[in-house]
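Secondary and tertiary structure notes
What follows is the residue order along each chain.
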Amino acid sequence: MKRHRSPRSVDPAETIAALRAENESLRARLTDVTSHRRLSERVVDLVPTGVAFFDTELIFRLMNQAYAAFFGRTPEDFLGKRFLDVFPDAVDEVSKVLSALEGTDGPYSDVGKQFSYSDDRGTHETFWDFTTAKVRADAGELIGYITLAHEVTPRVRLEQELARRTDALVVSERKFRGLFELAPIGLALVEPQGKFVEANLKMQEMLGFDVSELRGLTLVDVTYPADQTHLRDLYAEILAGEREVLDLEQRCLRKDGGVLWIHCTVHLIRDAADAPRLTLGMLDITQRVRARTELQESWTNYRRLVEQCPDAIVVHSQGVVRYTNPATLVLLGARTPEDLVGRPVLDFVLPEFHDVVRGRIQRVQGEGEPVAATEIKLRRLDGSIIDVETASAAIEYQGQPASQVIVRDNTARKRAEAALRHVNAELRQRNEEFERELERRTDRLRTSEAKLRRQYEELQQLARLKDDLVNAVSHELRTPLTSIRGFAEFLEDDLAGTLTPPQRVYVGQIQEGALRLQRLVDDLLDFARIEAGSFRLARQEADLARITREMTESLRPQARLKGLALHVEIPADAVPTVVDPGRIGQVIINLISNAIKFTPAGGEITVRLAALPDRVRFEVRDTGIGIAPEHLPMLFEKFYQVETSTTRETGGAGLGLSISQALVEAHGGSIGAESELGVGSLFWFELPRGAEARS
């Protein structure tokens, strides 16, 4: 195969120059966009170019996120520190930059500067384009230096790689092929008709086609449809010799249908036969275009935010209004921005606040720091006065130092504050009157409290006397009661002679009365022990089913004598639990006895015991006279009795239910009653089982 040397081959220097020109062009565009975004510090942080400001002592005073991110750090790692303290090996470079800036206010640029830094991931070598310039105040004095840093490591790496491969190209065709195939940008050779002849690996990777597939396609075939017409026009110009280099940004279509943005450079060359060929270089700039679009959208959104902000926003430079948002027109009563733009700021400020405003302008422009909110008064175009609150910050507007002022109308708030002060004064007056009245009533309450305390102490004394009386009477009654019952039994057994039928009835009445009196004495003694706190339980493991059965059977003769049916529903198996058997038996006797007492002849009484998983439930249900609803809440109170004919006949002190409640609750249980007048009553209690019962 005959090999021809192309009289005009790919010029790497031209490619590098084109990339540099593209980089400088993008930087110029970005700088122009950034100058309009200085309205917000947040927008500065979105700029991909690193920005840092040093004072005259080379101390970091301002830095955006991009600058710090290049070193794997945050702005807080630099601010307030000297440059040479952070980068001690850069003494010579700093001296060179300062010497270059001496005697001139023009910028100094250092292109492709090699820079090394270390972080927790190791040591990194990077390349930068630095542009440094002096920053002077309005008066002309030097206040520091500003540096724009753009990392060009990929570009420098590319330049180094291209340079190395260009040398290799001179050595041999084989090395040229290696450079062509391994270049980090897409390279291709295209026929005049636009058909691909060769494509390197990067080009194949970018477009998703292998080289054999690309040879069957033209440049237009892989161009986004909306960009094809423009490409054809430029393509015709370069073939016609109207331009030697074609440099453009456009969209390309991948094999998988994806779209990517590329920067395309096309050169017209001729082979050994003087036939025209086109060299094509493609760089994927999708991420760059996306970042640029996002930056533009961010600026658009910020501008929209400013325009829609309900607070007035004013930009002024050298004391003259340069920009106002729509809210400013409403605030000052203007119809168009032209009514305000170009006028001195002080035209709208009342004279007594002129010095305050001048001082704030000097601070913002001189120190470059935001100034906290201050309240002043403004005069609207119609002459009316309004109260406002202003906050200022230094920005750059249209390439010039300026101040951005946010103005909030406080007129309504001031009126509300005045009304609030008036209301507060009235409230203070009413509060003072209330406190005086409260003090008078407090004095009366203290007097009443002392009186009630004396009455309470008297009642306590009476209660103690009552308890002592009950205790004494109960003990004193036990001895004669024992004698009465003993002699009654003596008579009943005919030990003193045979009794006549009437005498036997009288003896029976004596025994019944003595028994009732004995129960009353026992209740009084239990009540006295409970009140005195000397009541104790003798707990032990017991079968509650057996206790219930025995207590019920002991009362069956009494129920039968009255003509009542006594039903028992008790589990056949034992129901073990920890109780004081005597005291629980006393509760069961009380509840069943009450049911017998208040159930007319012919009625029924049902005693039920249910063993549940965590507790035992005992119930006594009768078909007696029932209890009115208003009496139910007081049934378990001491000495309380529902007034009925049965109560009057049977007597009692009204302590049985109260004592039963105390006994059940002492076991950790609960007791209650349900009733319907004329239908019957249900009395129940529940006791815990297991560990809870033992506690």
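For the structure, check the block above.
Here we take up the environment of A312. Tracing the sequence through the fold places A312 in strand β11 (residues 312-317). For A312, a relative accessible area of 3% corresponds to the buried category. Along the primary structure A312 and L329 are separated by 17 residues, whereas in three dimensions their C-alpha atoms are 8.0 Å apart. Those residues in contact with A312, other than ones at most four positions away along the chain, are N325, A327, T328, L331, V405, I406 and V407.

The phi dihedral of L58 falls on the positive side, at around 60°, and the residue is not glycine. The residue L58 is located in the loop between β1 (50-54) and β2 (60-63) in this model.

Below, the discussion takes up the sheet that holds strand β7 (residues 196-199). Ordered in space as β7-β6-β10-β9-β8, the 5 strands form an open sheet in which the pairing is antiparallel. Edge positions in the sheet fall to β7 and β8 (245-253), since each of these pairs with one other strand and no more. Adjacent strand axes in the sheet meet at a mean angle of 30°, parallel and antiparallel pairs treated alike. Sheet analysis places β8 next to strand β9 (residues 259-270), joined by 9 bridges and oriented antiparallel. If you follow D247 over to β9, its bridge partner there is T265. Running at roughly 160° to β8, helix α10 (residues 225-239) makes contact with β6 (186-190), β8, β9 and β10 (276-284) of the sheet. Along the sheet face, helix α11 (residues 286-308) touches β8, β9 and β10 and points at about 125° away from the line of β9.

This paragraph deals with a nonpolar patch on the surface. Taken together, F487, F490, L491 and L495 make up a surface patch of nonpolar side chains, about 400 Å² in accessible area. Mapped onto the secondary structure, L491 falls in helix α14 (residues 411-492).

Moving on, we get to the environment of S384. Position of S384 relative to the elements: it lies in the loop between β13 (371-379) and β14 (385-397). Residue S384 is classed as partly exposed on the basis of its relative accessible area of 29%. Each C-alpha atom, one on S384 and one on L332, is 9.2 Å from the other, the two residues being 52 residues apart in sequence. Apart from residues lying up to four places away in sequence, S384 is in contact with L378 and R379.

A word on the pairing of strand β21 (residues 670-676). Where β21 and strand β22 (residues 680-688) come together, 7 bridges link them in antiparallel fashion. Within β22, the position partnered with E674 by the bridge is L682. Here β21 hands over to β22 after 3 residues, with G678 in that stretch at a positive phi of 85°.

What follows deals with the sheet that holds β11. The strand order across the open sheet built from 5 strands is β12-β11-β15-β14-β13, with neighbouring strands paired in antiparallel fashion. The sheet is open, and its two borders are formed by β12 (320-324) and β13, each paired with just one other strand. Between one strand and the next, the sheet's axes are offset by a mean angle of 35°, whatever the strand orientation. Here β11 runs beside β12; their pairing, made up of 4 bridges, is antiparallel.

Another aspect to go through is helix α19 (residues 656-666). Every buried residue of α19 is listed here: G656, L657, S658, I659, S660, L663 and V664. At the exit of α19 stands G668, carrying a positive phi of roughly 80°.

A few words on the nonpolar core. Counting 36 residues, the largest nonpolar core has L544, L591, I592, L609, F618, V620 and F685 as the members making the most contacts within it. When contributions to this core are tallied by element, the ones reaching two or more residues are α16 (544-561), α17 (581-597), β19 (604-611), β20 (615-622), α19 and β22. For this core, the element with the highest residue contribution is α17, accounting for 7 residues. Excluding anything up to four places from it in sequence, L609 contacts L544, A545, T548, E569, I570, P571, V575, V616, R617 and F618.

What follows concerns the side chain of H667. Looking at the secondary structure, you find H667 in the loop between α19 and β21. Only 3.0 Å separates the side chain of H667 from the backbone nitrogen of D580, close enough to count as a polar contact. If we skip the residues at most four places from it in the chain, H667 touches L537, R539, V578, V579, D580, R583, I584, L687 and P688.

Right, let's talk about the packing of aromatic side chains for a bit. A complete count under the given rule lists 8 aromatic pairs for this structure. Judged by centre distance (5.1 Å) and plane angle (50°), the ring pair of F83 and F87 falls under tilted. For F83, a relative accessible area of 15% puts it in the buried group. Here the aromatic residues F54, F60, Y67, F78, F83 and F87 are joined through ring pairs into a cluster of three or more. The ring of W684 is capped by R617, whose NZ or CZ atom sits 4.6 Å from the centre of that ring.

A packed helix pair is summarised by two numbers, namely the angle formed by the two axes and the spacing between the axes. Running from amino to carboxyl end, α16 crosses α17 at an angle of 35°, the nearest separation of the two axes being 9 Å. By crossing handedness, the relation of α16 to α17 is classed as right-handed. In this structure, α16 uses L544, I547, T548, M551, T552, S554, L555, Q558 and A559 to contact α17, whose residues at the interface are P581, I584, G585, I588, I589, I592, S593 and I596. Considering only residue class, the contact of α16 with α17 consists of 11 nonpolar, 6 polar and no charged.

Cut-offs used in this document
Residues numbered from 1 in each chain as written. Predicted model: local features only at pLDDT ≥ 70, side-chain atom pairs only at ≥ 80, totals over all residues. Heavy atoms only, no water. Helix = DSSP H or I, 4+ residues; strand = E, 2+ residues; numbered from the N terminus. Buried < 20%, exposed > 50% of the residue type's maximum accessible area, 1.4 Å probe, protein only. Contact = heavy atoms within 4.5 Å. Pairing = 2+ DSSP bridges. Axes fitted to C-alpha atoms, helices over the stretch in contact; angles between N-to-C directions. Patch = residues over 30% accessible without salt bridge, like charges linked within 9 Å, V, L, I, M, F, W, Y side chains within 5 Å. Areas by Shrake-Rupley, 256 points an atom, 1.4 Å probe, with all protein chains shown as cover. Salt bridge = Lys/Arg side-chain N within 4 Å of Asp/Glu carboxyl O. Core = buried A, V, L, I, M, F, W, Y, C linked by side-chain atoms within 4.5 Å. Polar contact = N/O pair within 3.5 Å; in protein donor to acceptor, adjacent residues only side chain to side chain. Phe/Tyr/Trp six-rings, centres within 6.5 Å; stacked < 30°, edge-to-face > 60°. Lys NZ or Arg CZ within 6 Å of the ring centre and 35° of its normal. Left-handed = near helix turned anticlockwise from the far one by under 90°. Nonpolar A, V, L, I, M, F, W, Y, C, P; charged D, E, K, R; others polar.

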